[in-house]
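# Breakdown of the fold
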Amino acid sequence: MKRIISMVIAVAVLISIAVPVAVNAASQVSNVRQTSANQKYVGVAWDTVLGASKYMLQISENEYDGYIVDSESSSSSRTIYNLSPGKTYYVKVTAYINGDYDMSTTSTLIKVCTAPDKVQNFRQTNATTSSVTLAWTAATGATSYAIYGRSNSQDYPLGTTTGTTFTIKGLSNKNSFPYDIYIRPIRKEGDFEAGGDLSYYNYAGIYGGNIKLVPKKSATPKLTNVFDSIGVVYFDTPGVSFEKGTQTSIYKADKKSAYISGAGYRFEGLKKGQFYKARRRYYTTVGDKNSTKYGAWSDYTYFTLGCKAINAKASKKSLNVSWSKVKGGNVKYDIYVSKSKDTNKKKFKSNVKGTSIKVTKFGKKKLSRRTSYYVYVQPKIKVGKKTYKSPMASYVYLSTK
């Protein structure tokens, strides 16, 4: 029995000597990832490998060859310097196990990238009343661009694009938009975006800043003074500062071509006996080429300097008044009577089609004998469904017999 047991033990010892004990191989370097970048370097990190004493990082511009050893160290992160802006590189990491370089631990290749150079020639190229279009020269290596507005040290993301133009929409002529516009070039590999340095376009608000919107529609111009004897009129000044200027055009009321056009508020060369219409628009210069952009025309204002001539003959209790026709379209006349100039006018008759009338009353009372009266002829013009009364009326002064 003892002999059998001894034989079994001997066999077991022989088996244990003949069969080697398995040793776990080192694992592959994993989770290699990009952590930072600028135009000249990239940061890389990875998970540590059990038993690794140090790591070798290799980098190449080509996926299949040309790898050079960047460095060896025990750290599980590395910054690689002396790279070119806006480029993609290939990186792999191998661990040293028990002091030996172990190819079985070499990581899967990953792509890393440097940030592109700063955007150049950032500028405005176009505008509408509610948008501005920006353009720039493509940054080498950029895959996209991020645009921001900045006000009071706070950034407002406005959008991204892969092209070299971008339109900011939803603006207004009110000073309520970020004061500066910034652009950042980006190169992306995988989930990592390498952002370049910011370029900016000074905004300084809609009012007088570098960025301009096309002006809004102007208010209708208003006559402030009429000097009928010399053919001069004055319009109100708009009193705004964000436009470069105004353009006012005066037309004969029934014509499409401008009779007079200019940038000021004083206009001369007008004549009695003609209805005119005037409108205004703002303009500004936009973009790197300073192209002139006009806002929408205002509505028309209609006016006349009065009749060329007005005459009257007196009788005991009436005044026979005649006047020269005012041209320009569907013109009629309202007749007023007063005993004092420009005050206490009382309407005698409306919508007179002809150019003469017999005035017999002052208000509800008949004209008195040997009494002086002012008779006013005020032209008005109908355009479409709307009637415009001229601010200027012609008058005659005489007495009944």
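Residues numbered from 1 in each chain as written. Predicted model: local features only at pLDDT ≥ 70, side-chain atom pairs only at ≥ 80, totals over all residues. Heavy atoms only, no water.

## Here's the deal with the overall build of the protein chain
Scanning the protein chain from N- to C-terminus turns up one helix and 34 strands. For the protein chain, buried positions account for 42% of its 401 residues. Counting only contacts in the protein chain whose residues sit at least 6 apart along the sequence, the fraction spanning at least 24 positions is 61%. (Helix = DSSP H or I, 4+ residues; strand = E, 2+ residues; numbered from the N terminus. Buried < 20%, exposed > 50% of the residue type's maximum accessible area, 1.4 Å probe, protein only. Contact = heavy atoms within 4.5 Å.)

## Remarks on the side chain of Lys-277
Checked against the element boundaries, Lys-277 lands in strand β22 (residues 275-286). Nearest to the buried, unbridged Lys-277 among oppositely charged side chains is Asp-254, at 7.6 Å. Polar contacts involving the side chain of Lys-277 include one to the main-chain carbonyl oxygen of Lys-255, which spans 3.4 Å. Those residues in contact with Lys-277 that lie beyond four places of it in its chain are Ser-249, Ile-250, Tyr-251, Lys-252, Ala-253, Lys-255, Tyr-300, Thr-301 and Tyr-302. (Lys, Arg positive; Asp, Glu negative; His and termini not counted. Salt bridge = Lys/Arg side-chain N within 4 Å of Asp/Glu carboxyl O. Polar contact = N/O pair within 3.5 Å; in protein donor to acceptor, adjacent residues only side chain to side chain.)

## Focus on a positive patch on the surface
The grouping of Lys-316, Lys-317, Lys-361, Lys-366, Arg-369 and Arg-370 at the surface amounts to a positive patch. A relative accessible area of 39% places Arg-369 in the partly exposed class. (Patch = residues over 30% accessible without salt bridge, like charges linked within 9 Å, V, L, I, M, F, W, Y side chains within 5 Å. Areas by Shrake-Rupley, 256 points an atom, 1.4 Å probe, with all protein chains shown as cover. Charge placed at Lys NZ, Arg CZ, Asp CG, Glu CD.)

## Comments concerning the pairing of strand β25 (residues 310-314)
Judged from the five bridges that link them, β25 and strand β26 (residues 319-323) form a sheet pairing that is antiparallel. Pairing of Lys-313 across the sheet is with Asn-320, part of β26. As consecutive antiparallel partners, β25 and β26 are separated by four residues. (Pairing = 2+ DSSP bridges.)

## A closer look at the sheet that holds strand β29 (residues 356-359)
If you walk across this open sheet you meet the three strands as β25-β26-β29, and the pairing is antiparallel. The open sheet has two free edges, formed respectively by β25 and β29, since each of these has just one partner strand. Going across the sheet, the axis of each strand differs from the next one's by a mean of 20 degrees, ignoring polarity. (Axes fitted to C-alpha atoms, helices over the stretch in contact; angles between N-to-C directions.)

## Notes on the side chain of Arg-123
One can find Arg-123 in strand β9 (residues 120-127). For Arg-123, a relative accessible area of 19% gives the class buried. Here the side chain of Arg-123 touches Asn-121 through a polar contact of 2.8 Å, landing on its backbone oxygen.

## Description of the confidence of the model for the protein chain
Of all residues in the protein chain, 89% attain a pLDDT of 70 or more, and the chain-wide mean is 88. Across residues 1-24, where pLDDT falls below 50, the model places zero contacts with residues more than four positions away in sequence or in other chains. Within the model, the stretch residues 204-208 combines pLDDT values under 50 with 17 contacts to residues more than four positions away or in other chains. (pLDDT = per-residue confidence, 0-100.)

## Concerning the packing of aromatic side chains
This model, assessed by the stated rule, comprises 23 aromatic pairs. Seen from their ring centres, Tyr-259 and Tyr-276 are 5.6 Å apart, and the 40 degrees between their planes marks the pair as tilted. Residue Tyr-259 is found in strand β20 (residues 258-262), and its partner Tyr-276 is found in strand β22; the two are separated by 17 residues along the sequence. A relative accessible area of 31% places Tyr-259 in the partly exposed class. (Phe/Tyr/Trp six-rings, centres within 6.5 Å; stacked < 30°, edge-to-face > 60°.)

## A closer look at the nonpolar core
In terms of nonpolar packing, the biggest core is built from 24 residues, with Leu-319, Val-321, Trp-323, Tyr-333, Ile-335, Val-359 and Val-377 touching the most fellow members. Contributing elements (two or more residues each) for this core: β26, β27 (330-338), β29, β32 (372-383) and β34 (394-399). In this structure Val-321 touches Ile-310, Asn-311, Ala-312, Thr-355, Ser-356, Ile-357, Val-359, Val-375, Val-377 and Val-396, once residues within four positions along its chain are discounted. (Core = buried A, V, L, I, M, F, W, Y, C linked by side-chain atoms within 4.5 Å.)

## Points about the sheet that holds strand β18 (residues 232-235)
Spatial strand order, β17-β18-β21: three strands in an open sheet with antiparallel pairing. Every other strand in the sheet has two partners, leaving β17 (223-227) and β21 (266-268) as the edge strands with one partner each. On average, adjacent strands in this sheet sit at an angle of 15 degrees to one another, irrespective of strand direction. Two elements, β18 and β21, share three bridges in a ladder whose sense is antiparallel.

## Re the pattern of salt bridges
Under the defined criterion, the tally for this structure stands at ten salt bridges. Notably, a salt bridge pairs Lys-54 with Glu-72, separated by 3.2 Å at the nearest N-O pair. One end of the pair, Lys-54, is in strand β3 (residues 52-60); the other, Glu-72, is in strand β4 (residues 68-73), with 18 residues separating them in the sequence. Of the charged contacts, one joins Lys-272 and Asp-228 as a salt bridge, the two residues approaching to 3.3 Å between their closest N and O atoms. Taken as a pair, Lys-272 in the loop between β21 and β22 and Asp-228 in the loop between β17 and β18 lie far apart in primary sequence, 44 residues in all. Within the structure, one salt-bridge network assembled from shared partners comprises Asp-334, Lys-380 and Lys-389.

## Some words on the environment of Gln-120
Here Gln-120 shows up in strand β9. Considering only alpha carbons, one finds Gln-120 and Ser-199, 79 residues apart in sequence, at a separation of 7.5 Å. Ignoring sequence-local partners within four residues, the contact set of Gln-120 consists of Trp-136 and Thr-137.

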